[in-house]
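# Notes for the structure review
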Amino acid sequence: KVTVVKFADADDAVNLWRRFMRRYVLPRANDGKTPIRPLLAGSHHEGGCLFVQTTEKGQIDAIRRLADAGICCDTWWIDAGWYTRTSKCSEELLRDPLVWYRTAGDWTSDPERLPNGFKPIADELARHGGNLTLWFEPERIYETSPFMEKARSYLTPKAFYRSFRYDLSRPDAVAFLGKYIGDQLDFNDVGIFRQDSNGPGPLVYWQDQEAKLNDGRHGYVENLAVRGEFALWNEWRRRRPHMLFDTCASGGRRNDLSTLRFPSVPLHYSDTSYGDPIAKQRHYHMMNEWLFYHKNSSGYFRPGGKFSRRIAVSQLAQFFHVADGHFLKDDSAPLLIEYLGLWRRLAPLTIDGDYYLLTPEVFGDDRWWVTEFFDPASDKGFLQVVRNPKSPDATCRALTGIAARRTERTDANISVIIHILRYLCKYYSAWLD
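To continue, consider the overall build of the protein chain. When its secondary structure is counted, the protein chain shows 17 helices and 11 strands. The contacts in the protein chain between residues at least 6 apart in sequence include a share of 69% that link residues at least 24 apart. For the protein chain, the computed accessible surface area is about 19500 Å², with 54% contributed by carbon and sulfur atoms.

The subject of this paragraph is unusual backbone geometry. Despite not being glycine, Arg-162 shows a phi value in the positive range, around 65°. Tracing the chain through its elements places Arg-162 in the loop between α6 (148-151) and β5 (163-165).

This part takes up the sheet that holds strand β6 (residues 190-195). Reading across from one edge, β7-β6-β3-β2-β1-β8 is the order of the six strands in this open sheet, with parallel pairing throughout. Each edge of the open sheet carries a strand with a single partner, namely β7 (244-247) and β8 (319-323). Neighbour-to-neighbour, the strand axes of the sheet open up by a mean angle of 25°, direction not taken into account. Pairing geometry for strand β3 (residues 131-136) and β6, over five bridges, is parallel. Across the sheet, the residue bridging to Leu-132 is Val-190, located in β6. Across the sheet, helix α15 (residues 333-352) lies against β1 (39-43) and β8, angled at about 165° from β8, the strand it touches most.

Trp-82, Trp-107, Ile-181, Phe-193 and Trp-236 are the most contacted members of the largest nonpolar core, which has 79 residues in total. Per element, the largest residue contribution to this core is nine residues, and it comes from α15. Aside from chain neighbours lying at most four places away, what touches Trp-236 is Pro-138, Leu-177, Gly-178, Ile-181, Gly-182, Leu-185, Phe-193, Gln-195, Met-243 and Phe-245. Judged by nonpolar contacts, the second largest core, of 23 residues, contains Val-25, Ile-36, Ile-192 and Phe-292.

Moving on to the pattern of salt bridges. Going through the model one piece at a time under the given rule, you end up with 27 salt bridges. In this structure, Asp-96 engages Arg-102 in a salt bridge whose closest nitrogen and oxygen atoms are separated by 2.7 Å. Among the salt bridges present, the one from Lys-119 reaches Asp-123, with a minimum N-O distance of 2.6 Å. Residue Lys-119 and its partner Asp-123 are both found in helix α5 (residues 119-127); the two are separated by four residues, about one turn of the helix. By relative accessible area, Lys-119 is classed as partly exposed at 32%. Residue class for Asp-123 comes out partly exposed when judged on its relative accessible area of 28%. What you see here is one network of salt bridges that share partners, running through Lys-179, Asp-183, Asp-186, Asp-189, Glu-235, Arg-238, Arg-239 and Arg-240.

On to the side chain of Thr-103. Mapped onto the fold, Thr-103 is located in the loop between α4 (99-102) and α5. In terms of polar contacts, Thr-103 uses its side chain to reach the side chain of Thr-84, at 2.8 Å.

In this section: the packing of helix α7 (residues 171-187) against helix α9 (residues 220-239). Orientation of α7 relative to α9, taken along the N-to-C sense of each, is 35°, at an axis distance of 10 Å. Here the hand of the crossing between α7 and α9 comes out right-handed. In contact with Val-174, Leu-177, Gly-178, Lys-179, Ile-181, Gly-182, Asp-183, Leu-185 and Asp-186 of α7, α9 contributes Gly-228, Ala-231, Leu-232, Glu-235, Trp-236 and Arg-239. Its residues assigned to classes, the contact of α7 with α9 shows seven nonpolar, three polar and five charged.

A word on the pairing of β6. Counting buried positions along β6 yields six of six residues, so the element is predominantly enclosed. Where β6 and β7 come together, four bridges link them in parallel fashion. When the sheet's bridge partners are listed, Ile-192 is paired in β7 with Leu-244.

Let's shift gears to helix α2 (residues 56-68). Relative to the 18 Å expected for 13 residues at 1.5 Å per residue, α2 spans 18 Å between its end C-alpha atoms, a close match to the ideal helical length. Of the residues trailing α2, Gly-70 is marked for its positive phi of about 85°.

Residues Thr-75 and Trp-77 point to one face of strand β2 (residues 75-78) and Trp-76 and Ile-78 to the other, with burial holding for every one of them. Relative to β2, β1 runs parallel, the two sharing two bridges. Note that in β2 the partner of Gly-42 across the bridge is Trp-76. This β-α-β element, β1 to α2 to β2, shows right-handed connectivity. For β2 and β3, the ladder comprises four bridges, and the chain directions are parallel. If you follow Ile-78 over to β3, its bridge partner there is Leu-134.

The next subject is the sheet that holds strand β11 (residues 380-387). As summarised here, the arrangement of the three strands in space is β9-β10-β11, forming an open sheet in which the pairing is antiparallel. Two strands close off the open sheet at either side, each with one partner strand: β9 (354-357) and β11. Going across the sheet, the axis of each strand differs from the next one's by a mean of 15°, ignoring polarity. Bridge count for strand β10 (residues 368-375) against β11 is eight bridges, and the pairing is antiparallel. Its bridge partner being in β11, Phe-373 is matched across the sheet by Phe-382. Against the sheet, helix α12 (residues 277-290) contacts β9, β10 and β11, and its axis sits at roughly 140° relative to β9. Against the sheet, α15 touches β9, β10 and β11, its axis set at about 105° to β11.

Parameters and conventions
Residues numbered from 1 in each chain as written. Predicted model: local features only at pLDDT ≥ 70, side-chain atom pairs only at ≥ 80, totals over all residues. Heavy atoms only, no water. Helix = DSSP H or I, 4+ residues; strand = E, 2+ residues; numbered from the N terminus. Contact = heavy atoms within 4.5 Å. Areas by Shrake-Rupley, 256 points an atom, 1.4 Å probe, with all protein chains shown as cover. Pairing = 2+ DSSP bridges. Axes fitted to C-alpha atoms, helices over the stretch in contact; angles between N-to-C directions. Core = buried A, V, L, I, M, F, W, Y, C linked by side-chain atoms within 4.5 Å. Buried < 20%, exposed > 50% of the residue type's maximum accessible area, 1.4 Å probe, protein only. Salt bridge = Lys/Arg side-chain N within 4 Å of Asp/Glu carboxyl O. Polar contact = N/O pair within 3.5 Å; in protein donor to acceptor, adjacent residues only side chain to side chain. Left-handed = near helix turned anticlockwise from the far one by under 90°. Nonpolar A, V, L, I, M, F, W, Y, C, P; charged D, E, K, R; others polar. Expected span 1.5 Å × (residues − 1). Right-handed = clockwise from strand over helix to strand, strands pointing away.

Pasting the structure below:
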């Protein structure tokens, strides 16, 4: 299928496409009609590699700490490692930064750290109006996983990088995995299903299977496997119709219109450049042109834990993720909470509004970066303004260009723009960090 639109200029093309994405592709909010709203996500790291040391008490205590501070998260992020049987791992393996990779395949929680699964954590979140985001990598199983005994008959015949994959070209493997993961989603009351797919990608497995068939066909196994993947998602959507899908896939390698048409939000759009504001300005420009619903990276703190306003403004996203430890730092908490209040006002406009890049499509430490979001329906908008630290220019003409291009807008209609400009001017010197 091909989508064809008639447009007048580059800005018109971008915003016609954003309106198409908003109307036909973005997941709906709970009312079934409104495009998905911005979400605040919290998380709590208890040490070790990723979430390998996550405990029921530690997570519930963190949720309550934030709630006591007046911060109730819409969702709570648990990433890789929660399934790791720490009591059965050697000290050397637990220190391995890839321990989460080398223990993947058994998607039941560690009974010592999480004896009741995530249900008590999900229940605590529900009391504060939130739900659980839980990481899975359902297609892959490491060769030493204790779950191998149950899964072996459903796996591809060959391992790559010591990992097997479920053979989703086979209906019996799809049925087995669909029920197994579906039961875990129900048991743990998952609100956002975060599906990863780490290397190697599935292509080498498909090619290996096709080589064994030796019948001259190419793409046959791939076609069946893709159909199997959609069958899995349809099964999990049937069981949990209000659950969102985060199709991560090693940072954005599964973002196409077919997957996005599911209630899918590509939250983790890249595995690179976490704390690099210039790279983020490039990333966000592309995603804003498409209207990808994405999250910020956690890299808005410079080394040493100081909050960076320049990075935070560069990373204004629909899904705001922050660790509770950041809120609890004495020097950072007031700044982060102030920014969070601003985010709550502005993030809806990144979904509902049109998008314009007001500076040249050239990014660098020596340049300004200015964008505009404007929603004609509400007649509200804002500017995202960053003077990168090596820019020799004290002013940026793009700020006056908006008025020239939008002469119909009055001062009374741009209160949100004035608000963010005041915020940015107040903290202007902090951009030079």
